[in-house]
Amino acid sequence: MEKEKLFDAERNEAQLNAKPEPGMSEASEAALEAMGYKQELKRALSVPDMLVYGLIFMVPIAPFGIYGGVFSDSGGMPSLVYLVGMIAMIFTAFSYSALSKAFPVSGSVYGYTSKGINKPIGFLTGWTMLLDYLLVPTLLYVVAAQAMSGIVPEIPAVAWGVIFILINTFVNIRGIELTVLINRVAVVLELLCLAIFVVMGAMWIVTDPLSNGFTLKPFYNPETFNIGLVMSAVSLGVLSFLGFDGIATLSEEAKDAHSGPSKAMVGSLLIVGCLFMLQTYIAGCLSPDGAVFADDPDNAFYLVAEIAGGKFLYILCALATAIAWGIFNSLAAQTAICRILYAMSRDGNLPKALAKVHPRFKTPYIAALFVGVLSLALVIVFSLVLSIDDISRLVNFGALTAFCVLHVTVVWHFFIKERDGKVFMHLILPLLGFLIVGYTWISLDPASKIMGITWIVVGVVYYLIISKALKKNVDLEV
């Protein structure tokens, strides 16, 4: 009885100080051990830490770099894209939330499907996810390196890519706490840049005689609006929010693995969606017809920013984009893929070396080194083999396919296998999510599907080989 009173007192004091309850990490470790794993990574992440990580992965200022394409494809309604995308992706966030509570492991959808359906499906889902997570850092490094080369042409783009890779690989090996610190600095800097743009933009809209004032056109333009554009906005919006799911890879480093990641995923998705709508709304009011960037869509947002803040705001937004993508966003991406490689190799599906944990820093350091070397190689040969569009296609195929399997896993595990009877949460919501993501998947171009399906076939062959090898080893031991 005395022990229980002491525990209650400690818990109440912790809640007053807004800190996790004592024993929360222990409970998370016990849940992990119940699934057959031992605690190796360091549990140091609070819900705010993971929420910041999700924001950085999605990049609060992401529209800076892709505004021209979004504006054009949406018929001049960029804010509509992010509104629809946020609503569409909330169904996927709910599915992640449900499964992260049931299976608090680092492997994200790989771990969920392995436990919720079976190991072969889990492996193929994880293998497909590799298209997304392994190639995202490369894509980010190349885009950021090109941006920095444009700002400082004396240094080649490849050199910038190497610098970014070395910085992020060091941070990933050094420990999750250093990653958290950098993420906090990153989110402050990105929000500060965004605030400067919003304030200067709003002031110009209100005071400049050339301004058309605030308008609803970024959300709804009656001259271009039609149902086809709305459906196109769904596709654009869904792809713009890729990254919040990376929080699921941090479950084994979360202090509260049961509900912490789920709260952070939903929260980061809603916050970044509002930020996307805010910045594209201001940009849409600054240039409702897009005439200012008609001849240079690649630099659309920076040219719009120049209207309100001159060359200063142009350079600030361009530099912020380069640093956000090249260091902060790619660091989050590398952190996620290292955890997926760690989880898959721990289960024997990839070389065991990738599951080695640094004795001091408690990070999967071999996986971090592997991702760093792979990214370096891909950045160097990038221009010789693949284009940015090719890489983007593979990334989108991997992410969307994994999302589809995620929704199926929720229905199979909770509604069919466990028969929990929660029709709305575990049947209707995941089915809606599946339909939205499935529509986006179908909308992918044929080249994406051909390359993606080829990758899956390679994965099937690889899995059959390792399964046969493992079975042979077991027979020999018997």
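Rules behind the numbers
- Residues numbered from 1 in each chain as written.
- Predicted model: local features only at pLDDT ≥ 70, side-chain atom pairs only at ≥ 80, totals over all residues.
- Heavy atoms only, no water.
- Helix = DSSP H or I, 4+ residues; strand = E, 2+ residues; numbered from the N terminus.
- Expected span 1.5 Å × (residues − 1).
- Buried < 20%, exposed > 50% of the residue type's maximum accessible area, 1.4 Å probe, protein only.
- Disulfide = S-S within 2.5 Å.
- Axes fitted to C-alpha atoms, helices over the stretch in contact; angles between N-to-C directions.
- Parallel < 35°, antiparallel > 145°, perpendicular 65-115°, else oblique.
- Contact = heavy atoms within 4.5 Å.
- Nonpolar A, V, L, I, M, F, W, Y, C, P; charged D, E, K, R; others polar.
- Core = buried A, V, L, I, M, F, W, Y, C linked by side-chain atoms within 4.5 Å.
- pLDDT = per-residue confidence, 0-100.
- Polar contact = N/O pair within 3.5 Å; in protein donor to acceptor, adjacent residues only side chain to side chain.

Enquirer: Account for helix α11 (residues 260-286), naming residues and giving values.
Expert: A rise of 1.5 Å per residue sets the reference length of α11, with its 27 residues, at 39 Å; its end C-alpha atoms lie 39 Å apart and thus fit the reference within 8%. Counting buried positions over the 27 residues of α11 gives 22, a clear majority of the element.

Enquirer: Could you give an account of the state of the cysteines, with specific residues and numbers?
Expert: Each disulfide consists of a covalent bond between the sulfur atoms of two cysteine residues. For the coordinates displayed, the defined rule picks out zero disulfides. Free cysteine: C193, not disulfide-bonded; nearest cysteine sulfur from C317 at 4.6 Å. For C193, a relative accessible area of 5% translates into the label buried. Note on C285: no disulfide assigned, nearest cysteine sulfur contributed by C317 at a separation of 16 Å. A residue is classified by how much of its surface remains accessible, and C285, at 1% relative accessible area, is buried.

Enquirer: Please give an account of the packing of helix α4 (residues 63-73) against helix α12 (residues 300-346) that cites residues and values.
Expert: Running from N to C, α4 and α12 point in directions that differ by 120°, and their axes come no closer than 9 Å. By the criterion of interaxial angle, the relationship of α4 to α12 is oblique. Contacts between α4 and α12 involve P63, F64, G65, I66, Y67 and G68 on the former and, on the latter, A300, F301, Y302, V304, C317, T321 and W325. In the contact of α4 with α12, the residues fall into 10 nonpolar, three polar and no charged.

Enquirer: I'd like to hear about the nonpolar core, residue by residue, with values.
Expert: Formed by 145 residues in total, the largest nonpolar core has its most connected members in Y96, F197 and F241. In terms of residues, this core owes the most to one element, α12, which gives 26 residues. If we skip the residues at most four places from it in the chain, F241 touches M58, Y82, G85, M86, M89, L269, V272, G273 and F276.

Enquirer: Explain the confidence of the model for the chain to me, using residue names and the numbers behind them.
Expert: Per-residue confidence for the chain averages 85 on the pLDDT scale, and 91% of its residues sit at or above 70. Of all the helices and strands in the chain, helix α1 (residues 2-16) carries the lowest mean pLDDT, 44, while α11 carries the highest, 95. The low-confidence segment residues 1-22 (pLDDT under 50) makes 10 contacts with residues lying over four places distant or belonging to another chain. Counting interchain partners and residues more than four positions distant, the pLDDT-below-50 stretch residues 474-478 has zero contacts.

Enquirer: Outline unusual backbone geometry, supporting the account with residue identities and numerical values.
Expert: For K362, which is not glycine, the phi torsion reads 60° and is therefore positive. Topologically, K362 is positioned in the loop between α12 and α13 (365-385). What makes K362 partly exposed here is its relative accessible area of 34%. Even without glycine at this site, R419 takes up a positive phi of about 50°. Looking at where R419 falls in the secondary structure, it is placed in the loop between α14 (388-417) and α15 (423-442).

Enquirer: Now, about the side chain of S330: what can you tell me, with residues and values included?
Expert: Mapped onto the secondary structure, S330 falls in helix α12. Looking at S330, the relative accessible area reads 0%, which means it is buried. At 2.9 Å, the side chain of S330 and the side chain of N168 are in polar contact. A polar contact is formed between the side chain of S330 and the backbone oxygen of I327, at a distance of 3.3 Å. Other than its neighbours up to four places away in sequence, S330 contacts L140, Y141, N168 and W325.

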